[in-house]
Amino acid sequence: MQESLLHRRIDLHFHSVHSDGVLTPVELIALAKENNLEMLALTDHDTLNGLEEARKVALENNIKLINGVEISVQWEGIPLHVVALNFAQGNSVLHDIVTGNQQIRQERGKQIALLLQKRNLPDLYDKVLEEAGPSQIGRPHFAKVLVNEGIVKNMNKAFDQYLSNKHMGKLKSIWPDMDQVIPALAETNCEIILAHPRRYPMTLTKLKRVIEAFVEMGGNGMEVASGNEKPQDVRLLENLAVEFDLNASVGSDFHGPTSSWSQLGKYTSIDELKVKPIWHKWL
Ligand code: AMP
Ligand code: MN
Ligand code: MN
Ligand code: MN
């Protein structure tokens, strides 16, 4: 009981309007307060833009905020996500990485629009730009427009039919290689976490190869519970964290109240006595 109470007060992975989330950082902190959370890391895709706003409100609400970001990378052509935590505000390595990825996102946006046109859809680029506004443009903005235009019924169908990795072709491997990103980050002494390892479409054998490479490059943690992951997957990830001597992180991967399965601060309980919880450094 005590353990589950403990970890439920922490969420080290979620998104705001600065990437593909629905709520502003201020709204997220208010929600975190409502949910009695005590420690948070806002981890928008490839942007640090929400952090200052979040920091200010977190401080006012007596919530500990750890700097965070979710970085898009690839390994052997497979797109993966890496969460960086607890970096210094002015970390120039991190700024350079996200700036590079933001340029990739802009170019990729144009390419995705062309890809959809080849599938006999109208040119949606301007509508997607409008949908994204100042946020980092991503596939969810395309999905939203596909729904708004009545081309598909919902976001899931948009991914299934048009936007999932299997539809992306060469655009799948447009991101910087993990070995360009992780060793550089490791130099800056931030925490480098492999995000939601069970969500990549690969066998356990291949996942272990990813983790080996990740550790070799300087990665030092992995998410053992993410969003609505099943207990059996969380048990597996706890074992992998122990096997590879990685710190354990947790997060809801909350994108907004519109998703029925996801809530801020909610994820499967982990065994805090078995793994090395990363947040113990910050309690
Ligand atoms: P991107 O960052 O542009 O590669 O888009 C990836 C994002 O799309 C993920 O972070 C999720 O938020 C979202 N996503 C991925 N798959 C799905 C899906 N099947 N349904 C809804 N959203 C998804
Ligand atoms: Mn997302
Ligand atoms: Mn992710
Ligand atoms: Mn995420």
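Everything numeric in this text was worked out from a predicted model, so none of it was measured.

This part takes up the coordination of the manganese ion (ligand 2). Ideal donor angles around a metal are set by the shape: a four-donor tetrahedron calls for 109.5 degrees, a six-donor octahedron for 90 or 180 degrees. Within the protein, the manganese ion (ligand 2) binds to Asp20 (OD), His45 (NE2) and His255 (NE2); these donor distances fall in the range 2.1 to 2.2 Å. Site description for the manganese ion (ligand 2): donor spacing in sequence, D-x24-H-x209-H. Between the manganese ion (ligand 2) and the manganese ion (ligand 3) the interatomic distance amounts to 5.7 Å. On the criterion of sequence distance, the pair formed by His45 in the loop between β2 (39-40) and α3 (51-60) and His255 in the loop between β8 (247-251) and β9 (276-277) is long-range, its members being 210 residues apart. Since its relative accessible area comes to 9%, His45 is described here as buried.

Before going further, it helps to spend a moment on the site of ligand 1. Neighbouring ligand 1 are the residues Asp20, His45, Arg105, Arg108, Gly138, Arg139, Pro140, Asn156, Phe159 and His255. Within the contact set of ligand 1, an oxygen atom lies 3.1 Å away from a side-chain nitrogen or oxygen of Asp20. At 2.9 Å from an oxygen atom of ligand 1 is found a side-chain nitrogen or oxygen belonging to His255. In isolation ligand 1 offers 500 Å² of accessible surface; the protein chains occlude 74% of this area. At the level of secondary structure, the elements contributing two or more residues to the shell around ligand 1 comprise α4 (92-118), α6 (139-148) and α7 (155-163). When grouped by side-chain class, the residues that make up the shell around ligand 1 number 2 nonpolar, 4 polar and 4 charged.

This part takes up the coordination of the manganese ion (ligand 3). Surrounding the manganese ion (ligand 3) are the protein donor atoms Glu70 (OE), His81 (ND1) and His196 (NE2), at 2.1 to 2.2 Å. Within one chain, the residues donating to the manganese ion (ligand 3) are spaced in sequence as E-x10-H-x114-H. The class for Glu70 is buried, based on a relative accessible area of 1%. Among the residues examined, His81 registers a relative accessible area of 21% and is labelled partly exposed.

Rules used throughout
Residues numbered from 1 in each chain as written. Chains lettered and ligands numbered in written order. Predicted model: local features only at pLDDT ≥ 70, side-chain atom pairs only at ≥ 80, totals over all residues. Heavy atoms only, no water. Donors = N, O, S within 2.8 Å, 3.2 Å for Na, K, Ca; no water. Helix = DSSP H or I, 4+ residues; strand = E, 2+ residues; numbered from the N terminus. Buried < 20%, exposed > 50% of the residue type's maximum accessible area, 1.4 Å probe, protein only. Near = heavy atom within 4 Å. Polar contact = N/O pair within 3.5 Å; in protein donor to acceptor, adjacent residues only side chain to side chain. Areas by Shrake-Rupley, 256 points an atom, 1.4 Å probe, with all protein chains shown as cover. Nonpolar A, V, L, I, M, F, W, Y, C, P; charged D, E, K, R; others polar.

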